Amino acid sequence: MVAGIRGRRGTALLAALTLVLSALITPTAARAAQDTNIVLTWNVHTQTAAYDVARQAPYVNGRTFAMVQGAVYDAANAVAGSPYQPYLLEPRDRRGYSLDAAVATAAYRVLLSLFPGQAATLGARYDESLAPIRDGLAKRGGIAVGAEAAAAMIAARRDDGAFGDATWTVGTAPGQWRPTPPGFAQDGAWVADVRPFVIPNPAAFGTAGPPALDSAAYARDLNEVKALGSATSTVRTQDQTEAALWWHDRRQIEWEIKRQLATTQRLTPLQTARMLAMTDVTRADTTIACFTEKRRWSFWRPVTAVQNADTDGNPATAGDPSWMPLLITPPFPDYTSGHACSTATIMTALREFFGRDDVAFSASSADSGTTRHFAGFSQALAEVVEARIWGGVHYRSADVQGVQVGKGVARYVLAREFRPRR
């Protein structure tokens, strides 16, 4: 928190899909985005910096996107006369300043602080954004506002616990987490120690934990993922396989979904900035709460549980030492599902932003080679619960409880931030 400045509070056109689908975004594509919405342009640049170049995992880049989009929101909101509650930037009358200059500067400076090794590329993209803006007071003022918003965000996140040296607890008893094949790695334990953006206490969004190993509920969970999530499953359908791969895409199809919605719903740059801040700041806090749960329960992943089911004390389960999941298991404990947590938050925030659930959208995945279509946000959220089971990386209870965590965090944050000023 920065003392004295903390504030409160359907199918897309093929060209738009092509713009946001690429794993590597070219300057030409970025300029095409800029022609319509400067906020989307720098959202693309953020993806390029955080994923395409830095290769940040989803549980890492949530903080990056929250920082960028929070600063962009404050900058855009300020030059629009602060019609919404600011996140960090104390409102003053900045109307008449260039929104494009403010947004580009805010995003550029936050990204430069996070990725100093990409200074040359980021600087070139920044120059491209400023070049079309006529020199004068409006441009200078917009740059100043963007710089102020970025400085506030950078200061607010200084020493916030990111990238610490925490490790997961590794156990050997039934139910206890241990590194999983094929890499037998562990990562991301520090995420639980990151200072939240809004929520006061991540543990306040906790759950009752996974079912007891000797319970009927646990046996149902295990046997379901064993049958449907196996790499060699004979009961999983082709569509279910494609959905599992689609939702697991490390390029995060959520980026395409949000940019597509901004385009198809004809959002202004300010509206786009608000939508992205609502989803990304909230998602960052949800990830922290979710990883707090993972550390609390330290529950074994399905690949460990199925291979060692003969040791779990449950007569309704049977071990299969050769069992492997369809997807590579992430390098941290199971409970709760991070993907279910974050998707619940994003879809809840989008429903809040649009004021309705039935907004159609679609997105494409290079991993699955398919495009999936949804009639609304609830439909997408329901599918991710199933998809993590079909992929063999989560139990149903971990997904269901993850949805509850994500929805709870989203409701808390959105009741307090990014709201219209009255």
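Residues numbered from 1 in each chain as written. Predicted model: local features only at pLDDT ≥ 70, side-chain atom pairs only at ≥ 80, totals over all residues. Heavy atoms only, no water.

**Here's the deal with the overall build of the chain**
Okay, so step 1: Across its full length, the chain holds 15 helices and two strands.
Okay, so step 2: Relative to the 2.2 N^0.38 estimate, which gives 22 Å for 422 residues, the radius of gyration of the chain is 22 Å and therefore close to what a compact globule would have.
Okay, so step 3: Residues classed as buried in the chain amount to 60% of the 422 residues present.
Okay, so step 4: Surface summary for the chain: the accessible area is close to 16200 Å², and the carbon and sulfur share equals 53%.
Okay, so step 5: Side chains of the chain give 43 positive and 38 negative charges; the mean places of these two sets differ by 6 Å. (Helix = DSSP H or I, 4+ residues; strand = E, 2+ residues; numbered from the N terminus. Rg over C-alpha atoms; globule rule 2.2 N^0.38 Å. Buried < 20%, exposed > 50% of the residue type's maximum accessible area, 1.4 Å probe, protein only. Areas by Shrake-Rupley, 256 points an atom, 1.4 Å probe, with all protein chains shown as cover. Lys, Arg positive; Asp, Glu negative; His and termini not counted. Charge placed at Lys NZ, Arg CZ, Asp CG, Glu CD.)

**Describing the nonpolar core**
Okay, so step 1: Ranked by internal contacts, the top residues of the largest apolar core, which has 121 residues, are Phe197, Phe354 and Phe418.
Okay, so step 2: Considering every element that reaches this core, the biggest residue donor is helix H4 (residues 58–79), with 13 residues. (Core = buried A, V, L, I, M, F, W, Y, C linked by side-chain atoms within 4.5 Å.)

**A closer look at helix H11 (residues 269–297)**
Okay, so step 1: Its 29 residues give H11 an end-to-end C-alpha distance of 42 Å, which sits within 8% of 42 Å, the value for a rise of 1.5 Å per residue.
Okay, so step 2: With 24 of its 29 residues buried, H11 lies for the most part within the structure.
Okay, so step 3: Taken from the residues just after H11, Ser298 is the one with a positive phi, measuring 45 degrees. (Expected span 1.5 Å × (residues − 1).)

**Here's the deal with the pattern of salt bridges**
Okay, so step 1: A complete count under the given rule lists 18 salt bridges for this structure.
Okay, so step 2: Ionic pairing is found between Asp280 and Lys258, a salt bridge with its closest N-O pair at 2.6 Å. A residue pair is termed long-range when its members are at least 10 positions apart, and Asp280 in helix H11 and Lys258 in helix H10 (residues 253–264) qualify at 22 residues. Grouping residues by exposure puts Asp280 and Lys258 together as buried.
Okay, so step 3: Residues Arg351 and Asp357 are paired through a salt bridge, measuring 3.5 Å at the closest nitrogen-oxygen approach.
Okay, so step 4: Taken together, the salt bridges that share partners define one network made up of Glu254, Lys258, Asp280 and Arg283. (Salt bridge = Lys/Arg side-chain N within 4 Å of Asp/Glu carboxyl O.)

**As for empty space enclosed by the protein**
Okay, so step 1: Taken as a whole, the largest cavity encloses approximately 360 Å³ of empty space.
Okay, so step 2: Contributing to the lining of the largest cavity are 23 residues, with Pro58, Arg250, Gly338, His339 and Ser342 lying nearest its centre.
Okay, so step 3: The residue inventory of the lining of the largest cavity, partitioned by class, reads nine nonpolar, seven polar and seven charged. (1 Å grid on protein atoms, 1.4 Å probe; cavity = no way out; pocket = protein on both sides within 12 Å on 5 of 7 lines; lining within 4 Å. Points joined across faces, edges and corners; volume = space filled by probe spheres on them. Nonpolar A, V, L, I, M, F, W, Y, C, P; charged D, E, K, R; others polar.)

**Topic: helix H13 (residues 338–354)**
Okay, so step 1: Look at H13: 24 Å from first C-alpha to last across 17 residues, which is about the 24 Å you get at 1.5 Å a residue.
Okay, so step 2: Of the residues flanking the end of H13, it is Gly355, one or two places downstream, whose phi is positive at about 75 degrees.

**Concerning the environment of Glu148**
Okay, so step 1: Counting through the fold element by element, Glu148 comes out in helix H7 (residues 137–156).
Okay, so step 2: Considering only alpha carbons, one finds Glu148 and Leu89, 59 residues apart in sequence, at a separation of 7.6 Å.
Okay, so step 3: Excluding its chain neighbours within four sequence positions, the residues that come into contact with Glu148 are Leu89, Arg92 and Arg94.
Okay, so step 4: Polar side-chain contacts of Glu148 include one of 2.9 Å to the side chain of Arg94. (Contact = heavy atoms within 4.5 Å. Polar contact = N/O pair within 3.5 Å; in protein donor to acceptor, adjacent residues only side chain to side chain.)

**Remarks on the packing of aromatic side chains**
Okay, so step 1: All chains considered together, the criterion is met by 21 aromatic pairs.
Okay, so step 2: Taken together, a centroid distance of 6.1 Å and an interplanar angle of 20 degrees make the contact between Phe354 and Phe377 stacked. Placement of Phe354 in helix H13 and of Phe377 in helix H14 (residues 377–390) is noted, with a sequence separation of 23 residues between them. Per residue, the accessibility class of Phe354 equals that of Phe377, and both read buried.
Okay, so step 3: Taking 5.5 Å as the distance between ring centres and 35 degrees as the angle between the ring planes, the aromatic pair formed by Phe361 and Phe374 counts as tilted. Taken together, the positions of Phe361 in strand S1 (residues 361–365) and Phe374 in strand S2 (residues 370–374) put the pair 13 residues apart, joining distant regions of the chain.
Okay, so step 4: For Phe361, a relative accessible area of 1% corresponds to the buried category. (Phe/Tyr/Trp six-rings, centres within 6.5 Å; stacked < 30°, edge-to-face > 60°.)

**Looking at unusual backbone geometry**
Okay, so step 1: That bond from Pro181 to Pro182 is cis: its omega, 5 degrees, falls within 30 degrees of zero.
Okay, so step 2: Position of Pro182 among the secondary structure elements: in the loop between H7 and helix H8 (216–228).
Okay, so step 3: Here Tyr335 and Thr336 are connected by a cis peptide whose omega angle stands at 5 degrees.
Okay, so step 4: Tracing the backbone shows Thr336 in the loop between helix H12 (302–307) and H13.
Okay, so step 5: Located in the positive-phi region is Ser82, a residue other than glycine, with phi close to 55 degrees.
Okay, so step 6: Examined against the element boundaries, Ser82 turns out to sit in the loop between H4 and helix H5 (99–114).
Okay, so step 7: Backbone geometry places Phe184, a non-glycine residue, at a positive phi of 50 degrees.

**A closer look at the pairing of S2**
Looking along a regular strand, one sees side chains alternate from face to face of the sheet.
Okay, so step 1: Only one face of S2 is covered, namely the one carrying Thr370, Arg372 and Phe374; the face carrying Thr371 and His373 has none of its residues buried.
Okay, so step 2: Note that S1 and S2 share five bridges and pair antiparallel. Among the inter-strand pairings, Phe361 is bridged to a residue of S2, identified as Phe374.
Okay, so step 3: Hairpin connection from S1 to S2: four residues lie between these consecutive antiparallel strands, with Gly369 at a positive phi of about 70 degrees. (Pairing = 2+ DSSP bridges.)

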